[in-house]
Amino acid sequence: MSQGTTTKTAPQSYFVKSFGCQMNVYDGERMAELLGDKGMQAAASADEADLVVLNTCHIREKAAEKVYSDIGRIAKRAGKDGGAKPMIAVAGCVAQAEGAEIVRRTKDVDIVVGPQAYHNLPELVAKAARGESALDTDMPAASKFSALPGRKKQAPSAFLTVQEGCDKFCTYCVVPYTRGAEISRPRGDLIDEAKALVDAGAKEITLLGQNVNAWTGEDEAGREQGLDGLIRALDRVEGLARIRYTTSHPNDMTQGLIDAHGDVAKLMPYLHLPVQSGSDPILKAMNRSHAAESYLAIIERVRAARPDIAISGDFIVGFPGESDEDFEATLDIVRATSYAQAFSFKYSPRPGTPAAEMDDTFVPAEIADDRLQRLQALLNEQQQAFNQASVGKTTTLLLERNGKKPGQKIGKSPWLQSVHVETDAPIGSLVEVELVSAGPNSLGGVIIAESGGS
Ligand code: SAH
Ligand code: SF4
Ligand code: F3S
């Protein structure tokens, strides 16, 4: 690959840039830890690195195409010593989906590594430095996790991938092809990793998976348990104050997990439960295997367990065959659910997925754009209303970063809202505040007490 460039030297510094979902962010952190473990230095930006890892996302066309413009931009700059361009690795879901096609399309890429193979990155870097082909998109049965070094990540809020892959095969989605079949990491490994994160300063851990609530494992007695069992085990980890999880599928929303929202104090009152559409025929065509009614019934049970829970969701508009009536049904389910936050997307046909073959029923772009605008207006209204209803509440914030103004910090409420507050308490503290103002994307709070960070 990349023949014709100046002879390469082994890169001394790296920069990992992640796109897409939180699982990719987690993978990016682990790749950085792996390269650091091999003695490479973290560069402050892609411009200063000898090796740039683009950890890519394939979910929509725009996301996937962005990679190529990034590669072009990075390849244009000369290396620090004025010599060769930096080494470029394409990792993540585009790497998995396109594989060798990437190096056919651009000669600037030195390494292609899939999401299940990145523990081999140091070896691939060495190969590329020798001018050899460095492509690994294997999906081995053996877990990459055991081949990775221990966690070093230091942050008040940390990600922990507990489950990977997807067996759901929604007809629009590339994830089952880029991430492979559903697997759950063993409970013991997860508790160890959680403890390492807490020892490094994490107060909050977000459990991640493409279908996180499909996680299964064994308890100490060897009995099979679901995600609620893992959550209850993590509840006992000293020093951990908050637990979250994302993303869930309605079909794996067990009563055990719903009950955990009622009685596990560390489990935060927030649930990201995508529905995608409110129309049953469209849900069927999407192969979502739930209906609008069954989704609403789950929301009702979740709210019975935890009345103040913030519900968040994902939506796709303009799926092939979506009529005005189908779209109205989506607006109806949004009204019936009342979301605290949501992400909505215009359908993007993806190569190799069944929905991409339904091209005789594609919705014209102007109609899809109009629907997206209307849906987003409603969702924004609901988000604003949710934030407004929080004003006057007394709650706890986990301080995560500095704000723009001197003395200002930004923390997260239990409902995952960003709250600005003036305080000298250090990042990572838990502080009691009264919420005093609300905008669409953030709130303002005033300190009542510093609760000491436990
Ligand atoms: N596993 C999660 C998230 C998958 S990807 C789930 O099942 O919900 C995140 C979101 O991207 C999806 O929820 C969906 O709303 C959106 N998405 C996936 N494929 C898409 C496509 N082809 N076009 C537009 N949006 C898509
Ligand atoms: Fe994609 Fe559906 Fe799997 Fe989510 S559940 S990752 S949308 S196939
Ligand atoms: Fe994108 Fe892959 Fe995540 S396609 S959304 S990075 S699983």
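Residues numbered from 1 in each chain as written. Chains lettered and ligands numbered in written order. Predicted model: local features only at pLDDT ≥ 70, side-chain atom pairs only at ≥ 80, totals over all residues. Heavy atoms only, no water.

Engineer: Sorry, what's going on with the overall build of the protein here?
Structural biologist: Secondary structure summary: the protein contains 13 helices and 21 strands in total. For a compact globule of 454 residues, the expected C-alpha radius of gyration is about 22 Å, and the protein comes in at 23 Å, within 12% of that figure. Expressed as a percentage of its 454 residues, the buried residues of the protein come to 55%. Accessible area for the protein stands at about 19,200 Å²; split by element, carbon and sulfur atoms hold 50% of it. In the protein, which carries 49 positive and 61 negative side-chain charges, the distance between the mean positions of the two groups comes to 5 Å. (Helix = DSSP H or I, 4+ residues; strand = E, 2+ residues; numbered from the N terminus. Rg over C-alpha atoms; globule rule 2.2 N^0.38 Å. Buried < 20%, exposed > 50% of the residue type's maximum accessible area, 1.4 Å probe, protein only. Areas by Shrake-Rupley, 256 points an atom, 1.4 Å probe, with all protein chains shown as cover. Lys, Arg positive; Asp, Glu negative; His and termini not counted. Charge placed at Lys NZ, Arg CZ, Asp CG, Glu CD.)

Engineer: Got a minute to help me understand the site of ligand 1 in this structure?
Structural biologist: Close to ligand 1 lie 15 residues, the nearest being Tyr172, Gln210, Gln276, Asp314 and Ser348. Between Gln276 and ligand 1, the recorded distance is 2.7 Å, taken from a side-chain N or O atom to an oxygen atom. Considered on its own, ligand 1 offers 540 Å² of accessible surface; in the complex 89% of this is hidden by protein. Those elements that place two or more of their residues in the shell around ligand 1 are strand S15 (310-317) and strand S16 (341-346). (Near = heavy atom within 4 Å. Polar contact = N/O pair within 3.5 Å; in protein donor to acceptor, adjacent residues only side chain to side chain.)

Engineer: Sorry if this is basic, but what is going on with the sheet that holds strand S4 (residues 87-91) here?
Structural biologist: Working definition: the strands of a sheet are paired by backbone hydrogen bonds and lie parallel or antiparallel to each other. One open sheet accounts for six strands, arranged S2-S1-S3-S4-S5-S6; its pairing is parallel. The open sheet has two edge strands, strand S2 (41-42) and strand S6 (134-136), and neither has a second partner. The sheet contact formed by strand S1 (residues 13-18) and strand S3 (residues 51-56) spans five bridges and is parallel. Residue Val16 lies in a different strand from S3, and its bridge partner there is Val53. Packed onto the sheet, helix H5 (residues 121-129) meets S3, S4, strand S5 (111-113) and S6 and runs at close to 160° relative to S5. (Pairing = 2+ DSSP bridges. Contact = heavy atoms within 4.5 Å. Axes fitted to C-alpha atoms, helices over the stretch in contact; angles between N-to-C directions.)

Engineer: What am I meant to see in the sheet that holds strand S7 (residues 157-161) here?
Structural biologist: Spatial ordering of the open sheet is given by S7-S10-S13, a layout of three strands whose pairing is parallel. The sheet is open, and its two borders are formed by S7 and strand S13 (242-246), each paired with just one other strand. For this sheet the average axis-to-axis angle between neighbouring strands, irrespective of direction, equals 25°. As paired strands, strand S10 (residues 204-208) and S13 are joined by five bridges and run parallel to one another. When the bridges of S13 are listed, Thr206 appears paired with Arg244. Sheet strands in contact with helix H7 (residues 187-199) are S7 and S10, and its direction is about 165° off that of S7.

Engineer: Is there a simple way to think about the pairing of S15 in this case?
Structural biologist: Within a regular beta strand, the side chains point alternately toward one face of the sheet and then the other, so they alternate between its two faces. In terms of burial, S15 is largely enclosed, as eight of its eight residues are buried. Burial of S15 is two-sided: the residues Ala310, Ser312, Asp314 and Ile316 facing one way and the residues Ile311, Gly313, Phe315 and Val317 facing the other way are all buried. In terms of strand pairing, strand S14 (residues 270-272) meets S15 through three bridges, oriented parallel. Following the sheet pairing, Tyr270 is matched in S15 by Ala310. Where S15 and S16 come together, six bridges link them in parallel fashion.

Engineer: Got a minute to help me understand the pattern of salt bridges in this structure?
Structural biologist: Close approach of charged atoms lets side chains of opposite charge pair. Taken as a whole and assessed by the stated rule, the structure comprises 32 salt bridges. Residue Arg73 pairs with Asp70 through a salt bridge whose shortest N-O separation is 2.7 Å. Pair noted here: Arg73 and Asp70 are both in helix H2 (residues 61-76), with a separation of three residues, about one helical turn. Taking relative accessible area as the criterion, Arg73 reaches 52% and is therefore assigned exposed. On the basis of relative accessible area, Asp70 is assigned to the buried category, the value being 2%. Between Asp108 and Lys107 there is a salt bridge; the shortest N-O distance is 3.6 Å. Residue class for Asp108 comes out buried when judged on its relative accessible area of 17%. Via salt bridges that share partners, Glu29, Arg30, Glu33, Arg151, Arg185 and Glu193 belong to a single interconnected network. (Salt bridge = Lys/Arg side-chain N within 4 Å of Asp/Glu carboxyl O.)

Engineer: Explain the side chain of Glu29 to me, please; I cannot follow it from the model alone.
Structural biologist: Structurally, Glu29 can be placed in helix H1 (residues 22-37). On the accessibility criterion, Glu29 (15% relative accessible area) is buried. A polar side-chain atom of Glu29 sits 3.2 Å from a polar atom in the side chain of Arg151. In contact with Glu29, other than residues within four places in its own chain, are Arg151, Lys153 and Phe159.

Engineer: I tried to follow the site of ligand 3 on my own but got confused; where do I start?
Structural biologist: Every residue near ligand 3 is listed here: Cys21, Asn24, Thr56, Cys57, His58, Ile59, Cys93, Val175, Arg179 and Gln210. Residue composition of the shell around ligand 3, grouped by class: five nonpolar, four polar and one charged. Here the shell around ligand 3 spans two domains, and each of domain 1 (13-136) and domain 2 (150-389) adds at least three residues to it. (Nonpolar A, V, L, I, M, F, W, Y, C, P; charged D, E, K, R; others polar. Domains from an automatic or database assignment.)

Engineer: Just checking my understanding: could you explain the packing of aromatic side chains for this structure?
Structural biologist: To describe a pair of aromatic rings, one takes the distance between the centres and the angle between the planes. Scanning the entire structure with this criterion turns up five aromatic pairs. Summarising the aromatic geometry, the rings of Phe169 and Tyr177 are spaced 5.6 Å apart at their centres and angled 70° between planes, so their arrangement reads as edge-to-face. By relative accessible area, Phe169 is classed as partly exposed at 37%. Using a relative accessible area of 39% as the deciding quantity, one classes Tyr177 as partly exposed. (Phe/Tyr/Trp six-rings, centres within 6.5 Å; stacked < 30°, edge-to-face > 60°.)

Engineer: For this particular structure, what's the right way to read the packing of H7 against helix H8 (residues 227-235)?
Structural biologist: The geometry of a pair of packed helices is captured by two quantities: the angle between their axes and the separation between those axes. At a minimum axis separation of 11 Å, H7 and H8 run at an interaxial angle of 35°. Helix-helix and strand crossings are classified by hand; for H7 and H8 the assignment is right-handed. Of H8, the residues touching H7 (which contributes Arg187, Leu190, Ile191 and Ala194) are Gly229, Leu230, Ala233 and Leu234. Broken down by class, the residue content of the contact of H7 with H8 amounts to six nonpolar, one polar and one charged. (Left-handed = near helix turned anticlockwise from the far one by under 90°.)

Engineer: Looking at this model, I keep getting lost on the domain arrangement of the protein. Mind explaining?
Structural biologist: It is common to report an interface's size as the accessible area lost on association of the parts. When cut into domains, the protein gives domain 1 (13-136), domain 2 (150-389) and domain 3 (394-452). Listed as interface residues are 18 residues of domain 2 and, on the opposing side, 20 residues of domain 3. Its largest share of buried area at the contact with domain 3, domain 2 owes to Pro156, Arg242 and Asn387, together 38% of the area lost on that side. On the surface where domain 2 and domain 3 come into contact, there are zero salt bridges. Taken together, the links from domain 2 to domain 3 amount to ten residue pairs in polar contact (both at pLDDT 80 or more). Looking at the side of domain 2 that touches domain 3 element by element, the count peaks at five residues for helix H13 (residues 365-390). Its residues placed into classes, the side of domain 2 that touches domain 3 shows seven nonpolar, six polar and five charged. (Buried area = accessible area lost by both parts, 1.4 Å probe.)

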